[in-house]
Amino acid sequence: MLGQSDDMVQLLTPDGRRVDHPEFTFRGTTDDLLRSLRDMWLGRRFDVEAIALQRHGELGMWPPQLGQEAAQIGAARAIRDGDHVFPSYREHSMALALGVPMQQILGFFRGTDAGIWEMNDKFRTYALVIGVQTLHAVGYAMGLQFDGLVGNDDESTNSGVMVFHGDGASSQGDVNEAYVFAASYNAPVVFFCQNNQWAISEPITLQSRIPLYERARGFGFPGIQVDGNDVLAVQAVSEWAMDRARRGDGPTFIEAYTYRMGAHTTADDPTKYRARDEEEAWRGRDPINRLVAHLRDIDAIDDAHLKALEEEADELGVRTRASIKELTDRTMDELFAGVYAEPTVALEAQRRQFKEFADSFEED
Ligand SMILES: Cc1ncc(C[n+]2csc(CCOP(=O)(O)OP(=O)(O)O)c2C)c(N)n1
Ligand SMILES: [Mg+2]
């Protein structure tokens, strides 16, 4: 496949066979893999339910993640207490796996808050402004360093940051500034790029003349490409990169080579720009199917196990739908009031302007 390098780290083939890699080994247990399967399975169901909720008019918009579950859950396995994750806007599986209440994720896309929530102690607010979170993350990582939480002999006192961005975001000025700052300050940050081959309708071939991971070298830190649909490989590479960060060895760039089988958002129609056979080819690399194939192969799961998982997913679906009812819709005035601690002249003008616009729809 275009952009896929011979050096791409893979530990599980698309048909579920374990393969060795000279540098990376999966150190987890079968129980860890069962946990990853569960997280991927539930993450996928949550996403499907949220798309349906958007279609029912309950959410303003939703960015689907179908096919990116292994990239997110493999990365989640490498996050421990004291670490901090800065997501973009599609890390739903990871958010749930790290304990974020689903109401918070849904509320963001319903507009019941403007992203002012504290997600939890590990996982920050979603960022819709492309790439902005990379600057937040590098600044936070520099702060950890200044606070003496990096590179200590007592390994348990060290922390690191992981930040998510897309292939398209890697063309953004903010993101490139974040790479430069991270390198200059040797910041404890892992840039986790989910390369799904597209930035809405813009293919990766227009964004970069070389594989994305090779760019990292130009900034002065290692870049590595991993099969983003292989949860074992993603976990192994992410653990290595987070260890480097916490140890004080500086930033790493991970390119998780993957594909989102669904639309960019519920407002998008990829049939207008993506070839059907490309989507079909990636369906054959489905991250959940390949883990299921492997776990069946080693007799770690059977039909009953999968049936139980599906029942748990059904329950999660019920909870997802019910949780919409627990959200309190906000007025525009309330949303404007939450932007800054004190109102500003510009914000007040925008509030008035919006009110006039909204009032223009009122019947006489
Ligand atoms: C600063 C900014 N510019 C443009 C947009 C509109 N926009 C939303 S998503 C997107 C493409 C992002 O592509 P990528 O980084 O590959 O992320 P993906 O959604 O594919 O994971 C664009 C241009 C935005 N949200 N913010
Ligand atoms: Mg993309």
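Residues numbered from 1 in each chain as written. Chains lettered and ligands numbered in written order. Predicted model: local features only at pLDDT ≥ 70, side-chain atom pairs only at ≥ 80, totals over all residues. Heavy atoms only, no water.

## A closer look at the domain arrangement of the chain
For the record, the criterion: Residue ranges for the domains originate in an automatic or database domain assignment.
Per the domain assignment, the segments making up the chain are domain 1 (30-328) and domain 2 (331-364). Using only C-alpha atoms to locate each centre, domain 1 and domain 2 end up separated by 33 Å.

## Observations concerning helix 2 (residues 69-76)
Defined as follows: We call a residue buried when its accessible area falls under 20% of the maximum for its residue type, exposed when it is over 50%, and partly exposed in between, using a 1.4 Å probe and counting protein chains only. By definition, any uninterrupted DSSP run of H or I lasting at least four residues is a helix, any uninterrupted run of E lasting at least two residues is a strand, and each is numbered from the N terminus.
Where burial is concerned, most of helix 2 is hidden: eight out of the eight residues are buried. Buried residues of helix 2: Glu69, Ala70, Ala71, Gln72, Ile73, Gly74, Ala75 and Ala76, and no others.

## Overview of the pattern of salt bridges
Oppositely charged side chains can form a pair if their charged atoms are brought close together. The line we're drawing: Only one rule defines a salt bridge in this text: a Lys or Arg side-chain nitrogen within 4 Å of an Asp or Glu carboxyl oxygen.
Counted under the stated rule, the structure contains 26 salt bridges. One salt bridge connects Asp81 with Lys122, and the closest N-O pair in it is separated by 3.1 Å. Here Asp81 is found in the loop between helix 2 and strand 1 (84-86), whereas its partner Lys122 is found in the loop between helix 4 (102-110) and helix 5 (132-146), with 41 residues between them in sequence.

## Quick word on a negative patch on the surface
The cut-off we apply is this: Residues with no salt bridge and a relative accessible area higher than 30% make up the patches, which join like charges within 9 Å and nonpolar side chains (Val, Leu, Ile, Met, Phe, Trp, Tyr) within 5 Å. Note that accessible areas follow from Shrake-Rupley with a 1.4 Å probe, and for residues the cover is restricted to the protein chains shown. Under the convention used here, Asp and Glu are negative, Lys and Arg are positive, and both His and the chain ends fall outside the count. Here the site of a charge means atom NZ of a Lys, CZ of an Arg, CG of an Asp or CD of a Glu.
Together, Asp6, Asp7, Glu23 and Glu214 make up a region of like negative charge exposed at the surface. With respect to the secondary-structure elements, Glu23 resides in the segment before helix 1 (30-55). Exposure remark for Glu23: the relative accessible area of 64% places this residue in the exposed category.

## A few points about the site of ligand 1
Definition in use: It suffices for a single heavy atom of a residue to lie within 4 Å of a molecule or strand for the residue to be listed as near it. Here a polar contact is taken to be a pair of N or O atoms separated by no more than 3.5 Å, where protein atoms must pair a possible hydrogen donor with a possible acceptor and residues adjacent in sequence count only if both atoms sit in side chains. Each residue is assigned to one class: nonpolar for Ala, Val, Leu, Ile, Met, Phe, Trp, Tyr, Cys and Pro, charged for Asp, Glu, Lys and Arg, and polar for all the others, Gly among them.
Around ligand 1, the surrounding shell holds 16 residues, and the nearest of these are Tyr89, Arg90, Leu128, Gly168 and Ala169. Contact distances for ligand 1 include 2.8 Å between an oxygen atom and a backbone N or O atom of Ala169. Contacts to ligand 1 include Asn196, whose side-chain N or O atom sits 2.9 Å from an oxygen atom. Contact with the protein chains covers 69% of the free accessible surface of ligand 1, which is 590 Å². Considered class by class, the residues forming the shell around ligand 1 number eight nonpolar, five polar and three charged.

## Observations regarding the sheet that holds strand 6 (residues 223-227)
The test is simple: Strand pairing requires that DSSP identify at least two bridges connecting the strands. For every element, the axis is a line fit to its C-alpha atoms; helices are fit only across the contacting stretch, and the angle between N-to-C directions ranges from 0 to 180 degrees.
Read from one edge to the other, the open sheet built from five strands follows the order 1-2-3-7-6, with strand pairing classed as parallel. The sheet is open, and its two borders are formed by strand 1 and strand 6, each paired with just one other strand. Adjacent strand axes in the sheet meet at a mean angle of 20 degrees when their direction is disregarded. In this sheet, strand 3 (residues 189-195) lies alongside strand 2 (residues 161-166) in parallel orientation, the contact comprising six bridges.

## So, the packing of helix 4 against helix 12 (residues 303-325)
Between two packed helices, both the angle of their axes relative to each other and the distance between the axes serve to describe the pair. So the rule is basically this: Should an angle fall under 35 degrees it is taken as roughly parallel, and over 145 as roughly antiparallel, whereas 65 to 115 is taken as roughly perpendicular and any remaining angle as oblique. Here a crossing is called left-handed whenever its near helix is offset anticlockwise from the far helix by less than a right angle, and right-handed whenever the offset is clockwise. Should any heavy atoms of two residues lie within 4.5 Å, those residues are considered in contact.
Where helix 4 meets helix 12, the axes come as close as 10 Å, and the angle between the chain directions of the two elements is 50 degrees. If you check the angle between helix 4 and helix 12, you find them oblique. Judged by the twist between their axes, the crossing of helix 4 over helix 12 is right-handed. Two secondary-structure elements touch here, helix 4 through Met102, Gln103, Leu106 and Arg110 and helix 12 through Leu316, Arg319, Thr320, Ser323 and Ile324. Of the residues assigned to the contact of helix 4 with helix 12, the class counts are four nonpolar, three polar and two charged.

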